[in-house]
Amino acid sequence: MMLRILSPRGVQFEGDAKSLNTKSASGEVTILDHHHPLMTVLVRGTMVVEEISGIRREIPVESGFLEINDRNELTLLIN
């Protein structure tokens, strides 16, 4: 899936990813390739991005929004 993570500091990540795990207002969520469309509010925690190459990145999150659309594009706006 194409993943874009944006914050007030700029682009935190942009590229293909295997998975993303983060905390949302309704609980922990893991997004995999071709996840059904979803929009949710993010809460404080650490998100984990697994790149196609297998590299895992940890990105701190205070708050934000997550949206995955039916074109397999995942966008996060985080603070």
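Read on for an overview of the structure. Everything numeric in this text was worked out from a predicted model, so none of it was measured. (Residues numbered from 1 in each chain as written. Predicted model: local features only at pLDDT ≥ 70, side-chain atom pairs only at ≥ 80, totals over all residues. Heavy atoms only, no water.)

When helices and strands are tallied, the chain shows zero helices and eight strands. Reading the chain from its N end, one meets helices and strands in the order β-β-β-β-β-β-β-β. Taking the principal axes of its C-alpha atoms as reference, the chain extends roughly 25 × 25 × 20 Å. The buried share among the 79 residues of the chain stands at 37%. If you sum the accessible surface of the chain, you get close to 4,700 Å²; carbon and sulfur atoms cover 51% of it. Averaged over its 8 positive side-chain charges, the chain has a centre that lies 6 Å from the centre of its 11 negative ones. (Helix = DSSP H or I, 4+ residues; strand = E, 2+ residues; numbered from the N terminus. Buried < 20%, exposed > 50% of the residue type's maximum accessible area, 1.4 Å probe, protein only. Areas by Shrake-Rupley, 256 points an atom, 1.4 Å probe, with all protein chains shown as cover. Lys, Arg positive; Asp, Glu negative; His and termini not counted. Charge placed at Lys NZ, Arg CZ, Asp CG, Glu CD.)

The next thing to look at is the pairing of strand 7 (residues 64–68). Of the two faces of strand 7, the one lined by Gly64, Leu66 and Ile68 is fully buried and the one lined by Phe65 and Glu67 carries no buried residue. Bridge count for strand 4 (residues 38–42) against strand 7 is five bridges, and the pairing is antiparallel. Of the residues in strand 7, the one forming a bridge with Leu42 is Gly64. Of the strand pairs in this sheet, strand 7 and strand 8 (residues 73–78) are connected by five bridges, and their pairing is antiparallel. When the bridges of strand 8 are listed, Glu67 appears paired with Thr75. Between strand 7 and strand 8, which pair antiparallel in sequence order, lie four residues; one of them, Asn72, sits at a positive phi of approximately 65°. (Pairing = 2+ DSSP bridges.)

Moving on to the side chain of Asn72. Within the secondary structure, Asn72 sits in the loop between strand 7 and strand 8. From its side chain, Asn72 meets the backbone nitrogen of His34 in a polar contact 2.8 Å long. Apart from the residues within four sequence positions on either side, Asn72 is in contact with Met1, Met2, Asp33, His34 and His35. (Polar contact = N/O pair within 3.5 Å; in protein donor to acceptor, adjacent residues only side chain to side chain. Contact = heavy atoms within 4.5 Å.)

It is worth spelling out the environment of Gly15 at this point. Within the secondary structure layout, Gly15 lies in strand 2 (residues 10–24). Measuring from C-alpha to C-alpha, the distance between Gly15 and Met2 comes to 5.6 Å, with 13 residues separating the pair along the chain.

Below, the discussion takes up the side chain of Thr22. Tracing the sequence through the fold places Thr22 in strand 2. Residue classification places Thr22 among the buried positions, given a relative accessible area of 1%. Other than its neighbours up to four places away in sequence, Thr22 contacts Gly27, Glu28, Val29, Leu42, Met47 and Leu66.

Geometric values such as these leave the question of function open.
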